[in-house]
Each structure stands twice: as C-alpha cells, then as structure tokens.
Amino acid sequence: MYSDSDEYPPPYTYSQQVCEDTYLNHGDCVKAAKYCPSDLMNWVYVKARKPYPRLNATGFLHKMKNKRIMFLGCSLMRQQILALMWTLGYDRIAWNETEPEDEECTTRRRCFTDEKYNITFCHQFMGTIATKVYYEGNYTLDHSLRGRGDSSCLLEDSNIAVISSFDLVFVQSVAWWTNLGTHLDSPTSPKEWVDKLLPMVYYDAMKELLTKISVQTETVFVLGQIGVDCKEKTLPEPFSIDRIPPDHGWDSAPKFWDTSLHLLLEERLNIKVVDARKPLMQSVHSHPASGFAQPDTNDCLHFCINSASVNLYLDIYWNEVIPQLWID
C-alpha cells in the first residue's frame, strides 16, 4: 500500500539541476521536467501498517567502504543507480565510460568512484543474451540478428572476469526480453515460434551468466517492474499479473520471472532473490505517461526519475540484502 504523506520526508529533494549534472541518460531528466508531477517523492510505501524503512545513507557508505558494486541490466537498473547517487548526496558526477571491444555488442559500462569511502559504483548495460543458435526443423533462432540490444558478449571470459571482480552485483533482466520475438520475426524465425522458445533461450543464458559470476561475487537477482497500464492514473493501484498489458510483449514477463525462479531453484545457485514486483507494479501513478495530459509519451515502463518508486528498490536492497553481507 502507498500513502501520500508530508510527515515522512523523502530521502532527498529532487533537483532538475542535479539531474542535469549527474544523469546517465538525459531522457530521464527531460521526462521528469516535461511530464512528471513534482510531488512524486512524497509517496511512502506502507507495509504492515508502517512506513517501509528507507535506505540508511550513512550505514550504506560505511558498509560498502572499499567495495565495488555493479548494477547489471537495462535502463531500469540505470534509474536505480542514479537514485542511489542522489540518496547518498552526490550532486555532480563525471561518469567513466567503457565501451565493449566488440562494436556490435550493446553493453556500455559507466562507473563512478567515491574518493572518501573508496566505493566504485557501476551500471553495466545488459539487454538480451544467448549462448548459441537454436534450430528446430526449418526454423532458426539466431539471437545476434536482433542487432542493438544484443549483449551476448557479456558471456565471454574476459567480461565475466570484469563482472566477477565486483564485490556485489545486482542483476535485473526481463524488460528487453518481452519483445524479442518481434525483433527476430522472419520467415525462418516466426514470432510465434520464437516466443515459445524464449523461456529456454532465457534459461540457458541466465544459467551461464549467473553460474559463472555467483561463484566469485555476491550476486542478487532482482524481480522488478514491467510496463503497466498507466494512462490516466494518478494513484497507486493493486497489482495483478492478469492486468499486465500486451504492449511490447509486457504480458509475457511472468514466464520469464517464473523461468528465473525455476533456474535458481533447480541449479541451487548461491544467489539472493529480491522480489520487488508487488509494490513497484502498484506504482501506476509514477510513470512519465501517467496522468491525464500526456498525449506525446507512452512510457509506462520507466518510473519518473523524481519519484519515490525508484527509491523503493534501494530500500528493499537495504532491508533485505546489504546488512547481511560480509558479516564477520
């Protein structure tokens, strides 16, 4: 349940100038200024009739001192790390960018190191990945044909070594998968066939990635938001899987969520699972396309970057994961 409350102050006061001085994607700042109400940080997630405890910035900095943390995933992860920077008080950041050696691989990494606490924060983009080409009769699923969004090079040993060098890695991977069948649709790879095969492709890819990195680093798999019906919504609504809209294949997200959980259970991987779906999917009021006067945007996937909904990821990480790490 969410509550609009002035009595529980937000973790930071959103500043358009700070967004301009720290952004990873300028579109987040543009959408916040153009579409998003200014009071979205006032919403509070209430659990068991109490405000859900927020991330403790001081505690986080001390806990993560001399550590390296990576957010591995698409733009949803990008928004989380940016909200983390603001929560920790950073108001100007020069991100260090690293492009992959393979120009056809979409997986840019951007990092920032705090000098006082020697903490490195990175966002590594990950779209969709595959371990091989799949064949069935006259059909072929060649994932590399998707072009932009193919992050399969992350499975190469050199990139696995980079990811594994971090102390803590958050992984979130569904949003770019839901519409993959449309991207690969062709006479030899029809969408209907691809859609049926995708859970297997996803399982194989996530198994290879997670098995390799979880051996060497603390790994957290995140079940988070997918797109919702947010048009003309100004208040949170109860979440139901049956109400996920078909836009961009979003209604296929549950099969990827289920595949993830099956994988982690079957392979018995040493990975913590954070399930943030219920509170985040309730936040239909917090998207750029929410409300009544947004005719020129259909973004019901990303949150407004100036909303408390993004920070809820961080609050859950703080309460369910971070304090339990590296306990002597």
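Remember, predicted model here, so these are calculated numbers, not experimental data. (Residues numbered from 1 in each chain as written. Predicted model: local features only at pLDDT ≥ 70, side-chain atom pairs only at ≥ 80, totals over all residues. Heavy atoms only, no water.)

(A) Molecular detail of the state of the cysteines. Scanning the entire structure with this criterion turns up five disulfides. Two residues share a disulfide in this structure: cysteine 19 and cysteine 29, whose sulfurs sit 2.1 Å from each other. Across the S-S bond linking cysteine 19 and cysteine 29, the dihedral sits near -90°, which makes this disulfide left-handed. One end of the pair, cysteine 19, is in helix H1 (residues 16–22); the other, cysteine 29, is in helix H2 (residues 26–35), and 10 residues separate them in sequence. Owing to a relative accessible area of 0%, cysteine 19 belongs among the buried residues under this scheme. The disulfide partner of cysteine 36 is cysteine 304, and the gap between their sulfur atoms is 2.0 Å. Measuring handedness by torsion sign, the sulfur bridge of cysteine 36 and cysteine 304 sits at about -85° and is left-handed. In this pair, cysteine 36 sits in the loop between H2 and strand E2 (43–47) while cysteine 304 sits in the loop between helix H9 (277–281) and helix H10 (308–320), placing the two residues 268 residues apart along the sequence. Assessed through its relative accessible area of 1%, cysteine 304 is described here as buried. For the protein, the bonded cysteines pair up as 1-2, 3-10, 4-7, 5-6, 8-9 when numbered in the order they occur along the sequence. (Disulfide = S-S within 2.5 Å. Helix = DSSP H or I, 4+ residues; strand = E, 2+ residues; numbered from the N terminus. Buried < 20%, exposed > 50% of the residue type's maximum accessible area, 1.4 Å probe, protein only.)

(B) Structural view of the packing of helix H4 (residues 75–87) against H10. Where H4 meets H10, the axes come as close as 8 Å, and the angle between the chain directions of the two elements is 75°. One element, H4, and the other, H10, form an angle in the roughly perpendicular class. Facing Met77, Gln79, Gln80, Ala83, Leu84 and Thr87 of H4, the residues of H10 in contact are Val310, Asn311, Tyr313, Leu314 and Tyr317. (Axes fitted to C-alpha atoms, helices over the stretch in contact; angles between N-to-C directions. Parallel < 35°, antiparallel > 145°, perpendicular 65-115°, else oblique. Contact = heavy atoms within 4.5 Å.)

(C) A look at the environment of aspartate 28. Inspection of the secondary structure puts aspartate 28 in helix H2. Residue aspartate 28 is classed as buried on the basis of its relative accessible area of 5%. Along the chain, aspartate 28 and glutamine 79 lie 51 residues apart, while their C-alpha atoms are 8.0 Å from each other. Once residues lying within four places of it in the same chain are set aside, the contact partners of aspartate 28 are Arg78, Gln79 and Ile305. For aspartate 28, the side chain forms a polar contact with the side chain of glutamine 79, separated by 3.1 Å. (Polar contact = N/O pair within 3.5 Å; in protein donor to acceptor, adjacent residues only side chain to side chain.)

In short, geometric facts, not functional conclusions.
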